[in-house]
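Results of the structural survey
Listed below are the residues making up each chain.
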Amino acid sequence: MTEDEARSWVESSFDAPRETMEKLDTFADLLRAENEHQNLVSRGTLDQLWVRHIADSAQLLRFAHSGASWIDLGTGAGFPGLIAAALHDGAVTLVEERRLRVDFLRRAADLMSLRIEILHAKAERLPARPHDVISARAFAPLEKLLSLGTAFSTQKSLWLLPKGRNAEAELAAVDPSWQGEYRLEPSVTDAEAQIIVATGVRRTAPRRVRKDKRR
């Protein structure tokens, strides 16, 4: 997928009006400029910004329903949360603990005229508040994500966790006490990458192993 193909895919897949596409272009220009001052994304991906980051983030909206409340943990440079906010018609909350990243996200949101909540905090220190959608990209190992995200989930919450080429291995390694319905969805932007999509995520009590008492 080329940059032009990725941009066209976003525009057509989500019926994005010209105004929205202009906002995404503005964000891309801002990110490239800011990347000279802080390492928002790998320099090697700047020439593939639409493929590697924008379209890669936008594809998550295929699974979320209209109007859903959305929280993105460890938003970083805005992926996927800021892209979701530009294309999604529900409330979006971004969580990021690094001050410089938060400053960048707020500038980007202002330039894009996005009304979103940006929280400068560690996810584990936020009060519990349920959301319809929980996302995180390149933030933490799967089991840690599940632990952090439960404060924001209900049994109906949808978890969208792009895990690249390690998705299957990470899911297989999760402790069995993490119950729920999990499935792997193929990535649109990388034939070898997958997205973990889950609902009903909950932690059950670990089974106790009884030891035979010796007489």
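As the structure is a computational prediction, the values presented were derived from the model and not from experiment.

In the structure shown here, the tally under the stated rule is 14 salt bridges. Between R107 and E34 there is a salt bridge, with the nearest N and O atoms lying 3.0 Å from each other. Placement of the pair is R107 in helix α5 (residues 99-111) and E34 in helix α2 (residues 18-34), with a sequence separation of 73 residues. Taking relative accessible area as the criterion, E34 reaches 12% and is therefore assigned buried. Taken together, the salt bridges that share partners define one network made up of R165, D190 and E192.

In this section: α2. Note on helix geometry: an α-helix contains 3.6 residues per turn, so any two residues three or four positions apart are oriented the same way. The terminal C-alpha atoms of α2 lie 24 Å apart, and with 17 residues this matches the ideal 24 Å at 1.5 Å per residue to within 8%. The complete set of buried residues in α2 reads T20, M21, K23, L24, F27, A28, L30, L31 and E34. Lining the buried residues of α2 we find α1 (3-13), α3 (49-58), α4 (81-87) and α5.

For the rest of this paragraph, the subject is α3. Within α3, nine of the 10 residues are buried, leaving the element largely enclosed by the surrounding structure. Every buried residue of α3 is listed here: L49, W50, V51, H53, I54, A55, D56, S57 and A58. Of the surrounding secondary structure, the elements contacted by the buried residues of α3 are α1, α2 and α4.

The biggest cluster of nonpolar side chains holds 48 residues, and the ones touching the most others in it are V10, L24, F27, L31 and W70. With sequence-adjacent residues up to four places away left out, F27 is seen in contact with A77, F79, L82, I83, F104, A108 and M112. Grouped together as the second largest cluster of nonpolar side chains are 21 residues, I71, I134, A136 and V201 included.

Attention shifts here to the side chain of S177. Tracing the chain through its elements places S177 in the loop between α7 (167-173) and β6 (178-186). The class of S177 is buried, set by a relative accessible area of 6%. Reaching out from S177, the side chain makes a polar contact with the side chain of R203 at a distance of 2.5 Å. Not counting residues up to four positions away in its chain, the partners in contact with S177 are R202, R203 and T204.

Pairing in this open sheet of seven strands is mixed, and the strands run β3-β2-β1-β4-β5-β7-β6 from one edge to the other. If you trace the sheet from one side to the other, it starts and ends with β3 (117-120) and β6, each paired once. The sheet shows a mean angle of 20° between the axes of neighbouring strands, direction not considered. Sheet analysis places strand β4 (residues 133-136) next to strand β5 (residues 158-164), joined by three bridges and oriented parallel. If you follow S135 over to β5, its bridge partner there is L160. Across the face of the sheet, helix α6 (residues 142-149) comes into contact with β1 (70-73), β4, β5, β6 and β7 (194-203) while running at roughly 155° to β5.

The rules behind each value
- Residues numbered from 1 in each chain as written.
- Predicted model: local features only at pLDDT ≥ 70, side-chain atom pairs only at ≥ 80, totals over all residues.
- Heavy atoms only, no water.
- Salt bridge = Lys/Arg side-chain N within 4 Å of Asp/Glu carboxyl O.
- Helix = DSSP H or I, 4+ residues; strand = E, 2+ residues; numbered from the N terminus.
- Buried < 20%, exposed > 50% of the residue type's maximum accessible area, 1.4 Å probe, protein only.
- Expected span 1.5 Å × (residues − 1).
- Contact = heavy atoms within 4.5 Å.
- Core = buried A, V, L, I, M, F, W, Y, C linked by side-chain atoms within 4.5 Å.
- Polar contact = N/O pair within 3.5 Å; in protein donor to acceptor, adjacent residues only side chain to side chain.
- Pairing = 2+ DSSP bridges.
- Axes fitted to C-alpha atoms, helices over the stretch in contact; angles between N-to-C directions.

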